[in-house]
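Results of the structural survey
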Number of protein chains: 2
Amino acid sequence: MEISENNLVESIRKFARKSNSVVRSIGDDGAVADLEAGQYVFAQDAMVEHVHFELSFMDPYYVGKKALYSNISDVLAMGARPLFYLVTAGIPARLSSGDILKMYRGMDRAAREFGVTLLGGDTVATARDLFIDISVIGKLASARYFGRDKAREGDLIAVTGKLGEAALGLKILKEGTGTAGMKNCIQRFLSPSPPYALWKELVKSDITDVMMDVSDGLVMDLSRMMNESRKQARIHVEKVPMPRQARQKGLEELALSGGEDYQLLFTFPREKLPAVTAIIEKGGAITIIGEVMAGRGVRVYRHGSEVASPKKGYDHFGGKP
Amino acid sequence: MEISENNLVESIRKFARKSNSVVRSIGDDGAVADLEAGQYVFAQDAMVEHVHFELSFMDPYYVGKKALYSNISDVLAMGARPLFYLVTAGIPARLSSGDILKMYRGMDRAAREFGVTLLGGDTVATARDLFIDISVIGKLASARYFGRDKAREGDLIAVTGKLGEAALGLKILKEGTGTAGMKNCIQRFLSPSPPYALWKELVKSDITDVMMDVSDGLVMDLSRMMNESRKQARIHVEKVPMPRQARQKGLEELALSGGEDYQLLFTFPREKLPAVTAIIEKGGAITIIGEVMAGRGVRVYRHGSEVASPKKGYDHFGGKP
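Structural notes, computed from the coordinates.

Cut-offs used in this document
Residues numbered from 1 in each chain as written. Chains lettered and ligands numbered in written order. Predicted model: local features only at pLDDT ≥ 70, side-chain atom pairs only at ≥ 80, totals over all residues. Helix = DSSP H or I, 4+ residues; strand = E, 2+ residues; numbered from the N terminus. Rg over C-alpha atoms; globule rule 2.2 N^0.38 Å. Buried ≥ 20, exposed ≤ 12 C-beta atoms within 10 Å, placed from the backbone. Contact = placed C-beta atoms within 7 Å. Least-squares fit on C-alpha atoms with pLDDT ≥ 70 in both. Pairing = 2+ DSSP bridges. Axes fitted to C-alpha atoms, helices over the stretch in contact; angles between N-to-C directions. Core = buried A, V, L, I, M, F, W, Y, C linked by C-beta atoms within 7 Å. Left-handed = near helix turned anticlockwise from the far one by under 90°. Nonpolar A, V, L, I, M, F, W, Y, C, P; charged D, E, K, R; others polar. Expected span 1.5 Å × (residues − 1).

Here we take up the overall build of chain A. The helix and strand inventory of chain A stands at ten helices and 13 strands. Against the globule reference of 20 Å for 321 residues, chain A gives a C-alpha radius of gyration of 20 Å, in line with a compact fold. Counting only C-alpha atoms, chain A reaches 60 × 50 × 35 Å along its principal axes. Taken across its 321 residues, chain A has 54% of its residues classed as buried. Within chain A, counting contacts between residues at least 6 apart in sequence, those at least 24 apart form 84% of the total.

Before going further, it helps to spend a moment on the relation of the copies chain B and chain A. If you rotate chain B by 180 degrees and push it 0.0 Å along the axis, it lands on chain A with an RMSD of 0.0 Å. What the rotation and shift describe, once combined, is the action of a two-fold rotation axis. Proximity to the rotation axis, assessed at the C-alpha, singles out alanine 37 of chain B in chain B; its C-alpha lies 2.0 Å from the axis. Here 98% of the contact residues of chain B are again contact residues in chain A; the copies associate through an equivalent surface.

Let us look at the sheet that holds strand β3 (residues 38-48) of chain A. Strand order in the open sheet formed by six strands is β5(A)-β4(A)-β6(A)-β3(A)-β2(B)-β1(B), with mixed pairing between adjacent strands. Each end of this open sheet is capped by a strand with a single partner; those strands are β5 (117-126) of chain A together with β1 (22-24) of chain B. Along the sheet, successive strands turn relative to each other by an average axial angle of 25 degrees, direction set aside. Pairing between strand β4 (residues 80-92) of chain A and β5 of chain A: nine bridges, direction parallel. Its bridge partner lying in β5 of chain A, tyrosine 85 of chain A is registered against leucine 118 of chain A.

Counting 200 residues, the largest nonpolar core has Val41, Tyr85 and Ile132 of chain A together with Val41, Tyr85 and Ile132 of chain B as its most contacted members. Excluding residues that lie within four positions of it along the chain, isoleucine 132 of chain B makes contacts with Ala46, Met47, Val63, Gly64, Ala67, Val87, Ala89 and Met103 of chain B.

As a further point, take the sheet that holds strand β10 (residues 263-268) of chain B. Residues and elements named next belong to chain B. With mixed pairing, the seven strands of this open sheet are ordered in space as β8-β10-β7-β11-β9-β12-β13. Every interior strand has two partners, whereas the edge strands, β8 (210-214) and β13 (305-307), have only one. Between one strand axis and the next, the sheet turns through 30 degrees on average, direction left out of account. Two strands pair when backbone bridges link them, and strand β9 (residues 232-236) and strand β12 (residues 297-302) are joined in this way by five bridges, in the parallel orientation. Counterpart to glutamine 232 in the pairing with β12 is glycine 297. Packed on one face of the sheet, helix α7 (residues 218-229) meets β8, β9, β10 and β12 and runs near 135 degrees to β12.

Bringing the packing of helix α2 (residues 60-77) of chain A against helix α3 (residues 97-114) of chain A into the picture now. Residue and element names in this part refer to chain A. Between α2 and α3, the shortest axis-to-axis distance is 6 Å and the interhelical angle comes to 35 degrees. As for how α2 packs across α3, the hand of that crossing is right-handed. Between α2 and α3, the contacting residues are Pro60, Tyr61, Tyr62, Val63, Gly64, Lys65, Ala67, Leu68, Tyr69 and Ile72 on the first element and Asp99, Lys102, Met103, Tyr104, Arg105, Gly106, Met107, Arg109, Ala110, Ala111 and Phe114 on the second.

Quick look at the interface of chain B and chain A now. Of the residues lining the interface, 65 residues belong to chain B; the matching set on chain A comes to 65 residues. If one sorts the elements of the side of chain B that touches chain A by residue count, strand β3 (residues 38-48) of chain B sits on top with ten residues. Taken together, the residues of the side of chain B that touches chain A sort by class into 28 nonpolar, 18 polar and 19 charged. Strand direction decides the pairing type here: β3 of chain A and strand β2 (residues 31-35) of chain B, joined by five bridges, are antiparallel. Bridge assignment links glycine 38 of chain A to a residue of β2 of chain B, and that residue is leucine 35 of chain B.

Quick look at helix α5 (residues 183-190) of chain B now. Every buried residue of α5 of chain B is listed here: Cys185, Arg188, Phe189 and Leu190 of chain B. In the core, the buried residues of α5 of chain B are packed alongside α2 (60-77) and α4 (165-175) of chain B.

The next subject is the environment of lysine 200 of chain A. Within the secondary structure, lysine 200 of chain A is located in helix α6 (residues 196-204). In sequence terms lysine 200 of chain A and alanine 141 of chain A are 59 residues apart; their C-alpha atoms lie 9.1 Å from each other.

Residues and elements named next belong to chain A. Between its terminal C-alpha atoms helix α7 (residues 218-229) stretches 16 Å, which fits the 16 Å expected from twelve residues at 1.5 Å a residue. By the criterion of burial, α7 is predominantly enclosed, with ten of the twelve residues buried. Among the residues of α7, Leu218, Val219, Met220, Asp221, Leu222, Ser223, Arg224, Met225, Met226 and Ser229 are the ones counted as buried. Among the structural elements, β8 (210-214), β9 (232-236), α9 (252-257), β10 (263-268) and β12 (297-302) are those in contact with the buried residues of α7. Positioned one or two residues after α7, arginine 230 has a phi angle of 55 degrees, which is positive.

Rendered as structure tokens:
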């Protein structure tokens, strides 16, 4: 890279906009923020070149944007409004300063959308590959955190949006095949903005305190939730919302095990069904896909008959989950 | 790596010890902590294989330990007591789960020393190289943050401990030459514990609100402080504390531009000199090395004569600072 760390920090500094609660921003050993008393959420998540993306089909702008979205998604899934973020960029010599600033511009775009403020972070050289690691701090918007560990027997299971879009988008980008009619899926892979408006409705209506985001695939993520809650989930493939093309092309698997949609997965007690229905009737993209039972794990049904559990989803190390 | 992400997370989970203020720890989309109102410090800093370390001379235990120390150092340098940390580990397939757990054990050792609690983070695969990125959250211990931007004309400049130890230690490790009498330097490179007891004395005696840590080399770091404060520093080589071997071997340069000592660099007004002297007389390793003047930049003197400014220090991208 043709610029020095000092110069890069100067360029990045302009993305740290003023905020009343920020006492000291970029330019020091750390940042200082003035916080009210309360419960705060901390999430930290990375994206790595050749593992989570290839620059051949993902512009640095989208790498930055998606990395921040995925962390905001985690904070929302805990029931918190995102406030601040810090970024570590690991930068190989082959990247230009223009590429790096594009990445920060992508983050900045996502940050404006959710009203979060850049506090600082680090820029480091890497021997070969690009990585970006972001931490986001948020403040609980409700009385209790939204946890994976609170699903109760009898709860209904719901998701926002459609599942499998990002996986289908990635498939198209990798194969370089026709993108006609698939723009939504490609967009979901490159720029998976979490459903903030819908999240606010869920918080306002006090529907749930059991939530996670779908980042590694529905079955994998739901099995993690059931593991934490010590319960069993039963879901119905025909109810799982997915892009039309996934049903047509026999790619339903992508909706069950494809990751990176960053939709919200939650459970709620049956007495909240009228409140959920009210949101759906106002156009809220929520679909009920199953129910929580006694037991463990995830069981998948098609029109009432259990089907062999599909590949669970994305394990970051390719090990057997 | 032979284990899956789910299994690794289970293994890491045991390092997240109970803390009264932690409401939800590892196992969810994010962690939840209950915070009092006040000013909090956020720092985030990474170490990358082949850039900051080689596994050939740095065991993963020390990689983890040093990565946490360097972040704790940043938080102390802002005037805050460290409370929590989050870790992202970027893990290539050639590392064993044993290596990774060693890294977490190293962090855990440093965390116990400073009473900080693991909140969470991420584990991701990388195509080739190991990296570790840590964020630390602390709470201000004094009324005002310690900043690089507050040095005043007439202030004296001081450092804790010795400078150049880590650089000398690294040189020995790289060259594989005799380590007799150099254990301190090697230890400083591998395990640079920030001077917490001394920091507490400085906070208690209310000596300064101008501080940073020496991570990239004295001249480089001091020039950053002067840049933020819009002042000039004059330092005296013969006063700079360094290991005996550095003076003997004509390696004084390492004390001026060698990084990674994680000692504290601070300025203070002359009226605080009696309080500083009192700490020194009690055995506190503090050395006054120069003074702050009007102007800009850093000027280096040897027995009263200005010397050409040495190489400034470590720039993470090798650019010209």
